[in-house]
Amino acid sequence: MTRTSRAALLTLGIGAVAATPRAAAAQGGVVGYPPTQSPFADLEYNQAFTLLGGYFNAAKDPAGVAPRGGGLIGLQYDLGSGPAIFTTRVRTVFSDRTVLDPARPANDRVLGTEKRPLTMADAGLTLALTGSRTFHGLVPLVHIGAGLVTNFAGADPGGFDFGTSFALAYGLGLKYVPGPTSRYALRVDFGSTLYRVRYPASYARASTGYDTLYKGSVDSTSIVPSNAALSRYRNNTALTVGVSYLFHR
């Protein structure tokens, strides 16, 4: 091959390489998306306050004395736009519970119900699966954290005291941001809170009683079996929706 032929082939090769991006662009952007058509959008703000509302579904406990489920409200703060976001929140559940007196016969133990709202506070990490961007305005979320749950009350007349317990919180969420510069976002979360319910020792002892009407003994079984654990963890779920205010670039 002559020197002239080699020079001609080299010139053709360079021209073909240079023409490839132009050809791809002429075909409508085969490689990637044009910026105006991309389904991804960067998030402009890295902090948020969220007002939450929803329903807390409390797990049933064997004795039936722990706070039950009810409506939930809360406030959440997020620092970071992704992929790792520091999250802290406080939630209150408007619950009530049954009051029992273990010293009474089984057919006469219920003293009534009382309002015992639960307050849950936790902090943890939320992972944004799309990073610091949205996909068609959506951001899938995974959350895990730890904190405390309490009802700010002492023992009831039957000796049961919910007290304050360590809580493990985890769940999934989905956030919708209308646009990259939007100050507001909507979100929905489904999560669980694991905490301990403790019974007094009197719940495992049989009561004694005498029915004065029929002049005979009455059912005196214990509230929980005598060989049962008096402390047990229960997994409770909650579904919430929230409106977020975004700020700080």
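Everything that follows concerns the structure shown earlier in this document.
Residues numbered from 1 in each chain as written. Predicted model: local features only at pLDDT ≥ 70, side-chain atom pairs only at ≥ 80, totals over all residues. Heavy atoms only, no water.

Draft legend 1. A look at the nonpolar core. Counting residues in hydrophobic clusters, the biggest one holds 22 residues, and the most contacted among them are Phe56, Tyr195, Tyr199 and Tyr203. At the level of elements, β7 (118–128) and β11 (184–198) are the ones that each hand at least two residues to this core. Filtering out sequence-adjacent residues up to four positions away, Tyr195 remains in contact with Phe56, Leu118, Val149, Phe162, Ser165, Phe166, Ala167, Arg232, Tyr233, Arg234 and Asn236. (Core = buried A, V, L, I, M, F, W, Y, C linked by side-chain atoms within 4.5 Å. Buried < 20%, exposed > 50% of the residue type's maximum accessible area, 1.4 Å probe, protein only. Helix = DSSP H or I, 4+ residues; strand = E, 2+ residues; numbered from the N terminus. Contact = heavy atoms within 4.5 Å.)

Draft legend 2. Representation of the packing of aromatic side chains. Applying the stated criterion across every chain yields a total of nine aromatic pairs. Both rings, one in Phe162 and one in Tyr195, keep their centres 5.5 Å apart while their planes meet at 85 degrees; by these two values the pair is edge-to-face. Pair noted here: Phe162 is in the loop between β9 (138–150) and β10 (164–176) and Tyr195 is in strand β11, with a separation of 33 residues, a long-range link. Pair check on accessibility: Phe162 and Tyr195 agree, each one buried. (Phe/Tyr/Trp six-rings, centres within 6.5 Å; stacked < 30°, edge-to-face > 60°.)

Draft legend 3. Fine view of empty space enclosed by the protein. If you walk through the whole model with that rule in mind, you get four cavities of 30 Å³ or more. Looking at the largest cavity, its volume works out to about 160 Å³. Contributing to the lining of the largest cavity are 18 residues, with Arg89, His143, Gly171, Leu172 and Asp189 lying nearest its centre. Listed by contribution, the elements that provide at least two residues to the lining of the largest cavity are β4 (84–93), β9, β10, β11 and β14 (231–247). Residues that form the lining of the largest cavity fall into these classes: six nonpolar, eight polar and four charged. The calculated volume of the second largest cavity comes to roughly 120 Å³. Lining the second largest cavity are 15 residues, and of these Tyr45, Gln47, Ala48, Lys175 and Leu246 lie nearest its centre. Counted by class, the lining of the second largest cavity contains six nonpolar, six polar and three charged residues. (1 Å grid on protein atoms, 1.4 Å probe; cavity = no way out; pocket = protein on both sides within 12 Å on 5 of 7 lines; lining within 4 Å. Points joined across faces, edges and corners; volume = space filled by probe spheres on them. Nonpolar A, V, L, I, M, F, W, Y, C, P; charged D, E, K, R; others polar.)

Draft legend 4. Seen up close, unusual backbone geometry. At the junction of Gly82 and Pro83, the peptide bond is cis and its omega measures out at 0 degrees in the coordinates. Looking at the element boundaries, Pro83 is found in the loop between β3 (70–79) and β4. Of note in this structure, His136 is not a glycine but carries a positive phi near 55 degrees. Note on placement: His136 falls in the loop between β8 (133–135) and β9. Positive phi is not limited to glycine here, since His248 has a value of about 65 degrees. Following the sequence through the fold, His248 ends up in the segment after β14.

Draft legend 5. Geometry of a nonpolar patch on the surface. On the surface, Leu138, Leu174, Tyr176, Tyr184, Leu186, Val188, Phe190, Leu239, Val241, Val243 and Tyr245 cluster together to form a nonpolar patch covering roughly 990 Å² of accessible area. Listed by contribution, the elements that provide at least two residues to the nonpolar patch are β10, β11 and β14. By the secondary structure assignment, Val188 is in strand β11. Take Val188: its relative accessible area is 34%, and that puts it in the partly exposed class. (Patch = residues over 30% accessible without salt bridge, like charges linked within 9 Å, V, L, I, M, F, W, Y side chains within 5 Å. Areas by Shrake-Rupley, 256 points an atom, 1.4 Å probe, with all protein chains shown as cover. Salt bridge = Lys/Arg side-chain N within 4 Å of Asp/Glu carboxyl O.)

Draft legend 6. Main features of the side chain of Lys175. Mapped onto the secondary structure, Lys175 falls in strand β10. No salt bridge is formed by the buried Lys175. Its closest oppositely charged neighbour is Asp78, at 6.1 Å. Dropping the residues within four chain positions of it, Lys175 is found in contact with Gly137, Leu138, Val139, Leu141, Ala185, Leu186 and Arg187. (Lys, Arg positive; Asp, Glu negative; His and termini not counted.)

Draft legend 7. Up close: the pattern of salt bridges. Under the definition given, this model contains 12 salt bridges. Its salt-bridge partner being Asp122, residue Arg89 comes within 3.0 Å of it at the nearest N-O pair. On the criterion of sequence distance, the pair formed by Arg89 in strand β4 and Asp122 in strand β7 is long-range, its members being 33 residues apart. For Arg89, a relative accessible area of 13% puts it in the buried group.

Draft legend 8. Quick peek at the pairing of β14. In terms of strand pairing, strand β2 (residues 47–57) meets β14 through 11 bridges, oriented antiparallel. Residue pairing for β14: Thr50 is matched across the bridge by Ser244. (Pairing = 2+ DSSP bridges.)

Draft legend 9. Seen up close, the pairing of β10. Every second residue of β10 is oriented toward a common face, the buried set being Ser165, Ala167, Ala169, Gly171, Gly173 and Lys175 and the non-buried set Thr164, Phe166, Leu168, Tyr170, Leu172, Leu174 and Tyr176. In this sheet, β10 lies alongside β9 in antiparallel orientation, the contact comprising 13 bridges. Its bridge partner lying in β10, Leu138 is registered against Tyr176. Relative to β11, β10 runs antiparallel, the two being bridged by 10 bridges. Within β11, the residue paired with Lys175 across the bridge is Arg187.

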